[in-house]
Amino acid sequence: MDSTNRNPEDDSEDGGLPSVDGTYKGIHINTPLSRTDLDALIETFRKKKTMLTYFNILDSDPEVPSSNTRTFRFYVKRWICNEQQRLHAKYVASILKEAAAHLKRLPNLNQASTALSKQITICGDLHGKLEDLLVVFHKNGLPSAENPYVFNGDFVDRGKKGLEVLLLLLSCLLIFPDGVYLNRGNHEDHIMNARYGFIREVKLKYRQSADRLLRLIECVYRWLPLGTVVNNKVLVVHGGISNITDLEWVRSLDRHKYVSLLRPPVTESSAPGAELIDKMEWKQVFDILWSDPQGIEGCVANTLRGAGTYFGPDVTEQFLKKHKLLYLVRSHECKPGGYELTHGNKVITIFSASNYYELGSNKGAYVKLVGPQLAPHFVQFTTATSRAKRLTFRQRVGLVESSAIRELSGKILASKELLLEEFKKHDPENTGLITVTQWCTALETRTGLSIPWRMLREKLVNMDAASGKVEYASTFQEHIPGKRASEATVAETLYRNKSSLEAIFRIIDKDNSGYITMEEFSDACALLEEHLQNPLSPEQLVDICSSMDINKDGSVDLNEFLETFRLVDMGQGGGGGDDGDDSSPGEETPK
């Protein structure tokens, strides 16, 4: 999709789309949309799950021969394609064009009020999980002026029904313009969509019309507001803020020109300083969509994501004070319980896609801001509950962990040629082996990911037992499963040993500053050397301490210390067991 040479708004109303003729057996919708149309869309989008479930039953039924099942599936799939429950491309385009026209009239920051409703609901990332959106509507009701919603970006990618989620949200916006506020997320971006599946989804569902629809979707993205301010008291943005975020600047910029936030705009002006101004403006939008909160003070580049910032509690405090706000609501990060409060409860993270990594990996949540002070009340939920509850705590943690390792392996494979070149520089004799330090340095240099590679090596690569070196060719295996079937997950071991690790941290932190410096770490290692068979060299000490310093600020805080041991765990057995979490979906927890 070439967005640089073609403006989707220039396309004609009907260009490139098949007409709605007598062969179409799906629903028909009106312009403008009505509540009846919304009900029909929900019913249509929901129906396909029934057919897929039926396929799964057939596949697992021993009395149905596999050849019969395959034949049946082929003809039924062909029938679905031809007879169609899928919404006609003409109607999809109509919703997208009408939504873009509506969004174009909105300010960069939505202004939401609870004067009539006395409350407002905020949903986080949905990532193409239609079931989660329908659960929210079932539990909390459809949007209206009396029941307003803010949907905080990342509607698509990863999940299989991103287009259905997007169309439902846009339809709700058009039918209930005073009850729905949509924010742009970092995945409302065609470059992200190319990487994480949404473009492929659209092309599979609408083969002949995909290019036209994708151009219209891109137009919708460009006009999505960048955030929502509720009662002039609470800011809702997808990612977060930075130390240069200025809401007045955000309100005045031209959001439509940001086709993709991953590509800074090139200024057309030749005036001195114009390019600098343009990039500073771009960073205003970039930080809002991509940033994450951190536990320590300050504002630094977000090296893990390679975009946005990590902002500390001091940055939050200064920002809220400057703009006379109570707190900040953001999304962008999956949380086990669906939400998290940080920075003295001044930053709320809300994530609404349950089972995000794998079945049972996390709950989804939404937050209701209630009353004149907009007090947050959280509601948790999960889809496929009956299956998820049968998973033990150890199994749920293992699913999250294995999924994260698979994703990291994918990033490594994407840099395979560069990595091999780097590895071979350290292996002139072509032994297939390099040191751990050389392996870590090569990965950080070529992937651009500043994460504790040394601690992850047990999960990512094979080691040569005789030399203790890395067999670097094994780096490119897609996924390395656990070394032993009975091995405890690293996260489980962390929970089991957390109190001991905290005590060790306090001992090493001699000045009780809450941080371990290189000097304190070296002193602690010096005391242990007499008990070690192979004492560590000064270079090894520096390497280990640097790997603990995840955010590269020159010291190690407690979270980084615990994370290091979580990742380096050698799996000395230990049972799993259920954690006893029997809380039901929809548990409401006022805060």
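These numbers come from a predicted model, not from an experiment.

(A) Structural view of the overall build of the chain. Assigned secondary structure in the chain consists of 20 helices and 20 strands. Within the chain, the fraction of its 591 residues that count as buried is 51%. Within the chain, counting contacts between residues at least 6 apart in sequence, those at least 24 apart form 72% of the total.

(B) Layout of the pairing of strand β11 (residues 339-342). One ladder, built from four bridges, connects β11 with strand β12 (residues 347-350); its direction is antiparallel. Within β12, the residue paired with T342 across the bridge is V347. Between β11 and β12, which follow one another and run antiparallel, lie four residues, and H343 among them has a positive phi close to 50°.

(C) View of the side chain of N186. By the element assignment, N186 lies in the loop between β4 (180-182) and α6 (190-196). Other than its neighbours up to four places away in sequence, N186 contacts D154, M192, H238, L289, W290 and H332.

(D) Expanded view of the sheet that holds strand β7 (residues 292-293). An order of β7-β9-β8 is seen for the three strands of this open sheet, with the pairing classed as mixed. The sheet is open, and its two borders are formed by β7 and β8 (299-301), each paired with just one other strand. Of the pairings in the sheet, the one linking β8 to strand β9 (residues 309-311) comprises three bridges and is antiparallel in character. Bridged to A301 within β9 is T309.

(E) Seen up close, the packing of aromatic side chains. Tallied over the entire structure, the rule returns 13 aromatic pairs. Taken together, the aromatic side chains of F137, Y149 and F151 make up a single cluster linked through ring pairs.

(F) Broad picture of the packing of helix α4 (residues 130-140) against helix α5 (residues 162-175). At a closest axis distance of 9 Å, the pairing of α4 and α5 adopts a crossing angle of 35°. Once α4 is placed against α5, the crossing between them reads as left-handed. Contacts between α4 and α5 pair L130, L133, L134 and F137 from the former with E164, V165, L168, L169 and C172 from the latter. Per-class residue counts for the contact of α4 with α5 are eight nonpolar, no polar and one charged.

(G) Highlighting the pattern of salt bridges. Scanning the entire structure with this criterion turns up 16 salt bridges. Measuring nitrogen to oxygen at the nearest pair gives 2.7 Å for the salt bridge that ties R330 to D292. A residue pair is termed long-range when its members are at least 10 positions apart, and R330 in strand β10 (residues 327-330) and D292 in strand β7 qualify at 38 residues. Comparing R330 with D292, the two get one shared label, buried. R330 is the salt-bridge partner of E333, the closest N and O atoms lying 2.6 Å from each other. Note on R330: relative accessible area 0%, which makes it buried. Among the charged side chains, a salt-bridge network with shared partners connects D292, R305, R330, E333, K335 and E340.

(H) Spatial organisation of unusual backbone geometry. The linkage connecting T31 with the following residue, P32, adopts the cis geometry, with an omega of 0°. Among the secondary structure elements, P32 is positioned in the segment before α1 (35-60). We note that N355 has phi near 50°; this positive angle belongs to a residue other than glycine. In this fold, N355 is placed in the loop between β12 and β13 (364-370).

(I) Here's a closer look at the nonpolar core. Counting 61 residues, the largest nonpolar core has L87, F151 and L213 as its most contacted members. The element contributing the most residues to this core is α5, with eleven residues. Sequence-distant contacts of L213, that is, excluding residues within four places in its chain, are made with L17, A89, V92, A93, L96, V202 and Y206. In this structure, L226, L289, V315 and L325 belong to the second largest nonpolar core, which totals 26 residues.

(J) Main features of the sheet that holds strand β15 (residues 433-434). Read from one edge to the other, the open sheet built from three strands follows the order β15-β17-β16, with strand pairing classed as antiparallel. One side of each edge strand has no neighbouring strand; the edge strands of this open sheet are β15 and β16 (462-463). In the sheet, β15 pairs with strand β17 (residues 470-471) via two bridges, with the strands oriented antiparallel. Its bridge partner being in β17, L433 is matched across the sheet by E471.

(K) Highlighting the packing of helix α3 (residues 89-104) against α5. Closest axis-to-axis distance for the α3/α5 pair is 10 Å, and the angle between their directions is 50°. What the angle tells us is that α3 and α5 run oblique. Pair α3 / α5 crosses with left-handed handedness. Note on element contacts: α5 touches α3 through L167, L170, S171, L173 and L174, opposite V92, I95, L96, E98, A99, H102 and L103. The class makeup of the residues in the contact of α3 with α5 is nine nonpolar, two polar and one charged.

What counts and what doesn't
- Residues numbered from 1 in each chain as written.
- Predicted model: local features only at pLDDT ≥ 70, side-chain atom pairs only at ≥ 80, totals over all residues.
- Heavy atoms only, no water.
- Helix = DSSP H or I, 4+ residues; strand = E, 2+ residues; numbered from the N terminus.
- Buried < 20%, exposed > 50% of the residue type's maximum accessible area, 1.4 Å probe, protein only.
- Contact = heavy atoms within 4.5 Å.
- Pairing = 2+ DSSP bridges.
- Phe/Tyr/Trp six-rings, centres within 6.5 Å; stacked < 30°, edge-to-face > 60°.
- Axes fitted to C-alpha atoms, helices over the stretch in contact; angles between N-to-C directions.
- Left-handed = near helix turned anticlockwise from the far one by under 90°.
- Nonpolar A, V, L, I, M, F, W, Y, C, P; charged D, E, K, R; others polar.
- Salt bridge = Lys/Arg side-chain N within 4 Å of Asp/Glu carboxyl O.
- Core = buried A, V, L, I, M, F, W, Y, C linked by side-chain atoms within 4.5 Å.
- Parallel < 35°, antiparallel > 145°, perpendicular 65-115°, else oblique.

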